[in-house]
Amino acid sequence: MIRFLRLYSLYITLLVFLSIAFGSCTKFEGDQTIPAYIQIDTVFMQTEYADEGENSHEITDVWIYIDDQQIGVFELPAMFPVLAMGEHKLEIRAGIKVNGISSTRAPYPMYKPIVYNTFDFFPDSIQVINNLNFKYYETVVFPWIEDFEQSSITIQETNQSDTAIKRTLPVNNPEAYLSSTSRHSGQINVTTEKPQYSGWTYFSYDLPKQEAPVLLELDFKTDTYVTVGLMVHYPGGYEAKPLIILNHSEEWNHIYINFTPTVNQYFNAIDFKVYFAASLETGMTKSNIYLDNIKLIYRPN
């Protein structure tokens, strides 16, 4: 049993060091050979609901900086070694999958990092950091939030749509995204009789250029593919620019859709609308699409 525990301990240590070797962009220099270990199991998102909407998120990683030097990116839950002892600056940034793609992980530019200016590192020990609450930067702008808690919905169908988005009923329908602040979600049904959905925001939005980050956050679950994009407004009308397709999901997922390249590409546009489109897939007779906590946000440079 003792031999097994020793081998297991060696195995865990090897895994930790492999993770830092492959996940780190840089490494510390010096003579220290015994690391301190940091463990982060769960992180949270804190919002001011009235101004920033629901606190739903999909933070998948933590980006770690010691004394402003990046040491690695670690998938949650994480335990990683740090070659530091005594007091150092520790910065933790929330990492996401941009457009829901694993290969495009990045620190989310809308969330403030959590910074400990004098974090005390103890070599050869595991220090657990709990209750990490990320928040939006104070400068983040929310031009559009739709949480479907009001009877009027700020998404309208286009002329090409057979059906419309509506609120889930009754209150607290188990299919809806439910929380202390959420009792309804948006629901779209496509059927053999009404196989096409196409909807866009009721209002148009003037979005910033000059590489200012512009993203759409939303929660969704769907049994058919849903296209999400931007309608670019020119003097002659609107032109659809599809950006991503939401994949099938039986559970609620949170996604961060990057609008920044498109907004910057069409710098002469008058303004923009967000649009959603879906159609009944071959072999299906009915599909249900649920959307909630939609936020169009940007952070000025």
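Remember, it's a predicted structure, so these values are computed and weren't measured experimentally.

**Q** Tell me about the sheet that holds strand β12 (residues 155-157), residues and numbers included.
**A** Read from one edge to the other, the open sheet built from five strands follows the order β12-β15-β20-β17-β18, with strand pairing classed as antiparallel. The sheet is open, and its two edges are formed by β12 and β18 (237-246), each paired on a single side. Within the sheet, the average angular offset between the axes of one strand and its neighbour, ignoring direction, is 30 degrees. Pairing of β12 with strand β15 (residues 196-201) involves three bridges; the strand directions are antiparallel. Each bridged residue has a counterpart across the sheet, and for Ile155 the counterpart in β15 is Thr201.

**Q** For the side chain of Glu146, give the residues involved together with the corresponding values.
**A** Take Glu146: it is sitting in strand β11 (residues 141-146). Buried Glu146, no salt bridge; nearest opposite-charge side chain is Arg167, N-O distance 8.0 Å. Polar contacts involving the side chain of Glu146 include one to the main-chain amide nitrogen of Phe148, which spans 2.7 Å. Once you skip the residues sitting within four places of it in the chain, Glu146 turns out to touch Ser152, Ile153, Thr154, Asp292, Asn293 and Ile294.

**Q** Can you break down the sheet that holds strand β5 (residues 78-82) residue by residue, with the values?
**A** An order of β5-β1-β9 is seen for the three strands of this open sheet, with the pairing classed as mixed. Either end of the sheet is taken by a strand with one partner, and the two such strands are β5 and β9 (126-128). Taken pair by pair, the neighbouring strands of this sheet meet at an average axis angle of 25 degrees, ignoring direction. By the bridge criterion, three bridges tie strand β1 (residues 36-40) to β9 in an arrangement that is parallel. Looking across to β9, one finds that Gln39 is bridged to Val128.

**Q** Describe the environment of Gly100, listing the residues and the values that go with them.
**A** Position of Gly100 among the secondary structure elements: in the loop between β6 (86-97) and β7 (105-107). In this structure Gly100 touches Ile255 and Tyr256, once residues within four positions along its chain are discounted.

**Q** Help me get a handle on the environment of Gln196, residues and values and all.
**A** Looking at where Gln196 falls in the secondary structure, it is placed in strand β15. Between the alpha carbons of Gln196 and Ala277 there is a distance of 7.7 Å; along the sequence they are 81 residues apart. Dropping the residues within four chain positions of it, Gln196 is found in contact with Gln160, Ser161, Asp162, Thr163, Val190, Ala278 and Ser279.

**Q** Got a sec to walk through the nonpolar core? Specific residues and values, please.
**A** Generally speaking, soluble globular proteins have nonpolar side chains that are buried together. Counting 36 residues, the largest nonpolar core has Ile40, Ile64, Phe80, Ile92, Tyr111 and Phe121 as the members making the most contacts within it. The dominant element in this core, judged by the number of residues it contributes, is β6, at four residues. When sequence neighbours within four positions are dropped, the list of residues in contact with Tyr111 reads Met45, Ser56, His57, Ile59, Ala94, Lys135, Tyr136, Tyr137, Glu217 and Tyr256. Ranked by size, the runner-up nonpolar core spans 35 residues in total, among them Trp144, Ile188, Leu216 and Ile289.

**Q** Which residues make up the packing of aromatic side chains, and what are the values?
**A** As enumerated under the stated definition, the model contains 13 aromatic pairs in all. Judged by centre distance (4.3 Å) and plane angle (10 degrees), the rings of Phe74 and Phe80 are stacked. Side by side, Phe74 and Phe80 carry an identical accessibility label, which is buried. Here Tyr136 and Phe142 contribute two aromatic rings whose centre-to-centre distance is 5.0 Å and whose plane-to-plane angle is 90 degrees, an arrangement assigned as edge-to-face. We note that Tyr136, like Phe142, is buried. Each member of the aromatic cluster is reached from another via a ring pair, and the members are Tyr108, Tyr111, Tyr136, Phe142 and Tyr256. For the cation-ring pair, Arg93 lies above Tyr65, with the distance from its terminal atom to the ring centre recorded as 4.1 Å.

**Q** Give a description of the side chain of Lys221 that names residues and reports values.
**A** Relative to the assigned elements, Lys221 resides in strand β16 (residues 214-222). Judged by relative accessible area, Lys221 falls into the buried class, the value being 10%. A polar atom in the side chain of Lys221 sits 2.9 Å from the side chain of Glu175. Once residues within four sequence positions are removed from consideration, Lys221 is found in contact with Pro174, Glu175, Ser249, Glu250, Glu251, Trp252, Asn288, Ile289 and Tyr290.

Thresholds, definitions, all that
- Residues numbered from 1 in each chain as written.
- Predicted model: local features only at pLDDT ≥ 70, side-chain atom pairs only at ≥ 80, totals over all residues.
- Heavy atoms only, no water.
- Pairing = 2+ DSSP bridges.
- Helix = DSSP H or I, 4+ residues; strand = E, 2+ residues; numbered from the N terminus.
- Axes fitted to C-alpha atoms, helices over the stretch in contact; angles between N-to-C directions.
- Buried < 20%, exposed > 50% of the residue type's maximum accessible area, 1.4 Å probe, protein only.
- Lys, Arg positive; Asp, Glu negative; His and termini not counted.
- Salt bridge = Lys/Arg side-chain N within 4 Å of Asp/Glu carboxyl O.
- Polar contact = N/O pair within 3.5 Å; in protein donor to acceptor, adjacent residues only side chain to side chain.
- Contact = heavy atoms within 4.5 Å.
- Core = buried A, V, L, I, M, F, W, Y, C linked by side-chain atoms within 4.5 Å.
- Phe/Tyr/Trp six-rings, centres within 6.5 Å; stacked < 30°, edge-to-face > 60°.
- Lys NZ or Arg CZ within 6 Å of the ring centre and 35° of its normal.

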